[in-house]
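Residues per chain are reported as follows:
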Amino acid sequence: MALDQVSDALLPRRYQEEIFTRAQQGNVIAALDTGSGKTFISTLLIKWVAARNTGGDKITVFLVPKVALVQQQGEFISKQTTLRVRQFSGATAHDMGDRESWRKEFEDADVFVMTAQIFLNLLTHSHWSMDKVSLIVFDECHHTRKNHAYNGIMREYFQTPAESRPKVFGMTASPIWNPKNAVESLATLERNLDSKVIAVKEHVDELVGHSPKPTEIIQVYPVCPETYPEYESKSLKQRLDLEHLPPKIGIPVEKILTRYAVTLYSLGPFGAELFLYNEVKQRVSQLIQDALDSAMDYLTPAQYTENARGLADLHEQDLIHPKLRELEQTLAEFSSFFDPPEDTTPPEIPLAWCSPKVRVLAETLFDRYTSSFQGIVFVEQRHVAACLATLLCRIPLISHIIKAEQLVGHGRDAGAKTNTKGMGTRNQQDTVQLFRERQINVLVATSVAEEGLDFPACDLVIRFDPVQHMVGYVQSRGRARHKTSTFIIMVQEGAQAQAERYLQFLQSEPQLKQVYQERELALSTPDDDEDDMQDDPADLAERERFVIPTTGAILSYTSAIGLLNNLCSLIPRDKFTPMHVPRYTGDYSATVHLPSSLPLPADLLEYEGPPRRSKKEAKRAAAFLAVKKLHELNVFDDYLLPAKSSRGRVKEDPDGVPIGDVSKIPDVMEVRVRDPWVLGRTLWLHVVYLDGCPSAGLVTGTPLLPVDLVASGLYVSMDEPREVVLHPLDAWSQRRAMEDYTRMGLWWCITGRGITLPLTCYLVPITRHYTIDFAAIEQAILHPFGSYNWDGVGEDHYGHLLYMNNKEAGHPMILHRLRPDISPSSQPPPGSREEAFPTYRDYWLHKYTRKGYTPVISSDGLCVEGVVLDRNVSCSYSLDNTDRPSKINTATTVIFPLEFCRWALMPEHIYRTFFILPELCHRATDVWRAREARIALKLPPIADDVLVQALTLPSASTSFNNQRLETLGDAVLKLAAVVHLFNKFPHRHEGQLDSMKRVSVSNRTLLARAVERCLERHLSSENQSIRMWRYITSDEDDLYALRARRRTARQFPRKSMQDCMEAILGASFVTGGIDMALRTGDALGIAIGGPSPWYLRYSTHAPKSPPHQSLGYDFVNGQLLLEAITHPSFSSTDSTSYQRLEFLGDALIDLVVTDYLYKKFPEATSGQLSWARSRTVCAPALAVLAVKRLRLHQYLLINNVELSIAIARYVPILEEISDEEIIHHGWKQDPPKALSDVFESVMGALLIDCDYNYDKAAAIVEIVMEDFLALLHPDMPKDPVSQLMVWVAQSGCRCVRFAKSQSRPELRRYDSMSVLVHDTTVAGPIAAPNLSMAKGLAAEEARRVLDDPASPHHLSRVCVCGMEIAKEDEPAEVPLEVVKEELDDETQEGFAMLAQILFEETEDPELKNADENADAEQEQTESEDEDVSVPLDTNDTVDELEVEKLMQLDV
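The following refers to the structure shown. (Residues numbered from 1 in each chain as written. Predicted model: local features only at pLDDT ≥ 70, side-chain atom pairs only at ≥ 80, totals over all residues. Heavy atoms only, no water.)

A few words now on the sheet that holds strand β17 (residues 591-593). Taken in spatial order, the 3 strands make up an open sheet running β16-β17-β18, and their pairing is antiparallel. Looking along the sheet, the strands with just one partner apiece sit at the ends: β16 (583-585) and β18 (606-608). Strand-to-strand twist of the sheet, defined as the mean angle between neighbouring strand axes without regard to direction, takes the value 20°. Where β17 and β18 come together, 3 bridges link them in antiparallel fashion. Note on β18: the bridge partner recorded for Val 592 is Tyr 607. (Pairing = 2+ DSSP bridges. Helix = DSSP H or I, 4+ residues; strand = E, 2+ residues; numbered from the N terminus. Axes fitted to C-alpha atoms, helices over the stretch in contact; angles between N-to-C directions.)

Moving on to the pattern of salt bridges. One pass over the structure, following the stated rule, counts 60 salt bridges. Note that Arg 543 is salt-bridged to Glu 617, the shortest N-O span being 2.7 Å. Linking Arg 543 in the loop between α20 (537-542) and β14 (545-547) with Glu 617 in helix α22 (residues 615-632), this pair joins segments that are 74 residues apart in sequence. What makes Arg 543 buried here is its relative accessible area of 17%. Between Arg 722 and Asp 719 there is a salt bridge; the shortest N-O distance is 2.8 Å. Using a relative accessible area of 16% as the deciding quantity, one classes Asp 719 as buried. (Salt bridge = Lys/Arg side-chain N within 4 Å of Asp/Glu carboxyl O. Buried < 20%, exposed > 50% of the residue type's maximum accessible area, 1.4 Å probe, protein only.)

The terminal C-alpha atoms of α22, which comprises 18 residues, lie 26 Å apart, in line with the 26 Å expected from a rise of 1.5 Å per residue. Those residues of α22 not exposed but buried are Glu 617, Ala 618, Arg 620, Ala 621, Ala 622, Ala 623, Phe 624, Ala 626, Val 627, Leu 630 and His 631. Count one or two residues on from α22 and you reach Asn 634, which has phi positive near 70°. (Expected span 1.5 Å × (residues − 1).)

On to the nonpolar core, then. Soluble globular proteins tend to bury their nonpolar side chains together. In this structure, Leu 698, Met 738, Leu 802, Met 906, Ile 1064, Phe 1239 and Tyr 1254 are the most contacted members of the largest nonpolar core, which totals 189 residues. Residue contacts for Tyr 1254: discarding those within four places in its chain leaves Leu 975, Phe 1069, Ile 1074, Trp 1094, Leu 1148, Leu 1151, Val 1152, Asp 1155 and Leu 1247. In this structure, Ala 272, Ile 349, Ala 445 and Ala 495 belong to the second largest nonpolar core, which totals 89 residues. (Core = buried A, V, L, I, M, F, W, Y, C linked by side-chain atoms within 4.5 Å. Contact = heavy atoms within 4.5 Å.)

The next subject is the pairing of strand β31 (residues 1047-1053). Of the two faces of β31, the one lined by Thr 1048, Arg 1050 and Phe 1052 is fully buried and the one lined by Arg 1047, Ala 1049, Gln 1051 and Pro 1053 carries no buried residue. When strand β19 (residues 668-674) meets β31, the two strands line up antiparallel, connected through 7 bridges. By the bridge assignment for β31, Arg 674 is matched with Arg 1047.

Further remarks concern the sheet that holds strand β33 (residues 1312-1317). The strand order across the open sheet formed by 3 strands is β32-β33-β34, and the pairing between neighbours is antiparallel. In this open sheet, the two edge strands, each paired with only one partner strand, are β32 (1296-1301) and β34 (1320-1327). When strand polarity is set aside, the average angle formed by the axes of neighbouring strands in this sheet is 20°. As paired strands, β32 and β33 are joined by 6 bridges and run antiparallel to one another. In the strand pairing of β33, Lys 1300 is matched with Met 1313. Sheet strands in contact with helix α44 (residues 1331-1346) are β32, β33 and β34, and its direction is about 140° off that of β34.

Moving on to the environment of Glu 140. Checked against the element boundaries, Glu 140 lands in the loop between β5 (133-139) and α6 (149-158). Of the residues examined, Glu 140 reaches a relative accessible area of 7% and is grouped as buried. Separated by 76 residues in sequence, Glu 140 and Val 64 place their C-alpha atoms 7.1 Å apart.

With that out of the way, let us pick up a nonpolar patch on the surface. Where nonpolar side chains cluster on the molecular surface, the patch consists of Ile 218, Val 220 and Leu 503 and spans about 210 Å² of accessible area. With respect to the helices and strands, Ile 218 occurs in strand β8 (residues 215-221). Look at Ile 218 and you get partly exposed, because its relative accessible area is 34%. (Patch = residues over 30% accessible without salt bridge, like charges linked within 9 Å, V, L, I, M, F, W, Y side chains within 5 Å. Areas by Shrake-Rupley, 256 points an atom, 1.4 Å probe, with all protein chains shown as cover.)

Relative to the 16 Å expected for 12 residues at 1.5 Å per residue, helix α1 (residues 14-25) spans 17 Å between its end C-alpha atoms, a close match to the ideal helical length. For α1, every residue scored as buried is listed here: Tyr 15, Gln 16, Glu 18, Ile 19, Phe 20, Arg 22 and Ala 23.

So, on to the state of the cysteines. Tallied over the full model, the rule gives 0 disulfides. For the unlinked cysteine Cys 875, the closest cysteine sulfur is that of Cys 921, found at 8.3 Å. On the accessibility criterion, Cys 875 (7% relative accessible area) is buried. (Disulfide = S-S within 2.5 Å.)

Right, let's talk about unusual backbone geometry for a bit. Of note, the amide linkage connecting Gly 1324 to Pro 1325 takes the cis form, showing an omega dihedral of 0°. Looking at where Pro 1325 falls in the secondary structure, it is placed in strand β34. Of note, the phi angle at Asp 1251 is positive, near 55°, even though the residue is not glycine. Within the secondary structure layout, Asp 1251 lies in the loop between α40 (1233-1249) and α41 (1254-1264). The class of Asp 1251 is partly exposed, set by a relative accessible area of 23%. Its identity is not glycine, yet Asp 1319 carries a phi of approximately 60°, on the positive side. If you trace the backbone, Asp 1319 turns up in the loop between β33 and β34.

Following this line, the structure appears as structure tokens:
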């Protein structure tokens, strides 16, 4: 039954229940024919075991031998059960280092359907253990032999105590491999699976009815003739003349001709020549491509582009052997014959061109064809399957009825790169699906179709090639399971051995079944040491097994070779270096040689295993010893992994400290932030000084720290707190008086509107004895909205008196002068704002008249002229105490009638203090929080100002935030983590170290450490725009709490937490260098090796070496310098390669350049620092330094001809290029990576040789890079891709993307990029040596074209996003936690999101804050204008009633 025909209510048959019942009693192997429903029986058993395991933590594992079966069996189990089923194969499984993801999978599922190797890996690396499995189902369990993964799993099964072992259920149609010794073959399978083979006993008739046997026929065909006279006289084989090819071309002629002969005998001349055509064409194309690829690697970018455009050639005659071109031409002449275009009818193939065997096959298919016909033809070799499938579709006799396709396995010979390499899983599934849907009716298949895959029952199954073993016979015959099906065995005439083998299989099958069919289920305990008889028992007895005590990870002979291969595959390499692999020598006593790129002494790179009785076992023994020793050296961790995965969630950092789960932390965090602004029972008075003179007192409920700042042109300071002692009987009224006085001052000077909630601080006048002046307070609050009595106001008050027009509340002015020379009836002078009206009175009537209300303005009377004060819209201050402009705008004066104006009963020093109160409170908050954070987080004495900056989020919209320090701290963190890992793991290669570094510096790790230390309690996120006075109590519980709770509710993105972690590190580095940064990192829980300075931890002593003249430094340790110049291709017993030092040097250079820019450009934004740094910390710039500054290319030790040629060709270009060109257009260069690598490695060696004295090493690095550093500045242009993205984001277009392509199809490499806008190509394709450069060139061209009004591709002509956005309610937003590296700019969505992120990163925060403040001021002004527009029926003014109302407490 096909899988898609399975019913949701499938019921078991009686023979299935019989097997199911017996499986409940013990471990069994169900030996049932194909199509009898073995998988359904296993599903019944899975449900039964799951029901018995209710509440337990055990799982069921369903194992399959092939990837294609995972989905098939997983979907079947999901349909038939309510259990949670997970499917895993190589492409879908998590990385073995991703322990957290695997843990969640095991928690969230009941049944795991997977390939056997994955489960064996899970056991090896201790993700799961055998005692946590309730049932293991082995599909096609006859594979449990030799060193198959099934057998490896069962070896771990036998190591588990008997009472903890899972139940085993095996399924197969052919339990006996060797019919000559059936009993022993069966016993071996039973021993290996700890099970008994059983068959149906009681319901055999029902089984026969549902598993009918096909009619079996032996089809004899004539012997193949020696010649085919009717075939073309001038054959392809003759034209190619492979026998006389020069050996240096690289074509394995002998191997090809051997296969040709086999195909000729089997298929005839056309089939053989078709194989020859496909095979030689594939190899010739590959050799030509490799030659061209190699030549293209040597080209400079300019030469590459010219070649791609056809303006220059590669001199192919010098690169490609002439014979290859001859072969290519010959093959092209035969292409229409062997490989006709799809839109043409292929030439027919006469039967005379086919072997007798093919003729008989064609006649058989023709004779047995029906309208619903489906058949499978089994062959032994993949290339025969490919050619035969083509043949059948072109033979005239059957071409109109047969639609054939090949179905072959994946193949293991990946290095051969032949046309018959194999099929991928997806291609296999597609072909099977076409067969199910009857779009094809004949499959020409290898053994891949014999078992497992869910085929419909076939009318005809033909064994085209001889049957080699019993399993193949039974499995292939099982595909013919219609009652009318036919199974044909093709046997050559006179081939007695073939016929006898088939007859033996046919006759022995009933006897073989009797071996297990009549058994009772009596299980015996197998001998744990017994194994497949194919392995020598003595070797098996001598096998070792090593279990890591701390984790339970298992090292066995089965897994050792794979572990070594995985370790070596992670060693980084450039395009000139082949894949690193272990090398084995010796036969029965093997030695494994590890790559010299592993940072191990020479004596630890070779491991000789003990003698064994087979070569394979000798290799396993050597690999076992190597892995065991490498684990001792910490190359493998305690889970036998070479590195923790960079994907998924790692549960601990490189020091083994657990990393908390932060997945449930919301994108926007609701937190309670530490805040000093509360009023408790005890009050504290802080005297405020303006330019050194005491001016007022700030009363708070928290003793604040002394602070100073510059605000509004005044030097402001606040002294130590002193406790306020209120009168016992008048305490409440005194508090109320201070509250009313402060409300009055805030209304006059800051908010322009009343405040209804209780205040958390008071600004009050003080006496000369520094106590609160309650008498002055009482007098002032009697007239909170000011006095209309101008008697006594004269010239002495000019420039000092604060007053306000009662028609424009919230707009205070400073008295400029009284104007007795002007009355309301006077004519305004030209150029004044009133000039359009005959008199001042007419202007005022026009301005202040509202519907239903006309102001009363006398025609005569005095006028007053005042200077307008700029509103204080922000409480931001400057950390460097730079002067900010005064709020008094001397250039703007206004005239109002005296009867409209009232003056404030506040002396000048008081209202000036009120004006700077927002800045003072902001500064006091910041310093208090910084000191609290320093204590709570146990930080070293970081300077207040930089710690304040580190704790301030961008959302505060102040003149400073933590982004600059975050950029610096990121580089500090990177170097600190790298130095620690470099020294803690001396035997781990760069790939392993890099993986661990990513864990140490990842956002997830930083966020977890921040949450552990409650960092969120100390962050400043309050927007500093004064839209509402923030120093109030909004929580009634806080107002009446017995003990002041110094915290307040805030919201900010969780990303702010990791940014602040890095910013605090940056702040400590600014204060006390790398030593203080180490102390800070340790306090924050970051894996950097502790607080001790590096020179105490890692001091080295070695003999002094000669100085490097260009470097200007005398190396103490000459071995370091040797290592720094050794390329991985240079195998040496004296030194390992430079890769570890390169890893260290990269981090050092990154911090040195970042620190240089941070200090040189204090006003540069974080984005500007990053852009500038990227211009010099890049491969082209470092390559120039290596060549021009240090001449390192002359010392570099290389053993690779291609790399040496590439360097030699590029050095003259680097020597001629100017520093300015590299800084501004370095992205257009593509020098060999080895040049920049060796520069980084020498810098890393320098740091070690300086005994990790960072300051000394940094000074030398700066000297070496001084020419480049001098060219850097904050306003450097961005790279073309970023420029294009930012410009597109500003323009609002969301339908832009990149597209890659090939400039030369024969190269088979993607080397060209285009830019598409609304799927219209506006630039490209542009070719370059690498896609990154091609993308830059395409972006540069696209930016020019899209911005050119004369271009047909001007953005306005190709983009319609503006109209689409207008229809949407809200623009698309960038998710808070999006990872830029995971976005794909070859999709419109990914490009748009990246563009938006870059646009936001490059916005000038000061301009952004200025815009926000301007908006706040406009909003506040408009609100105030609305307030004064209400008409009144009383004689009171609007402002008087407003003030009287809002001065009342409303709690």
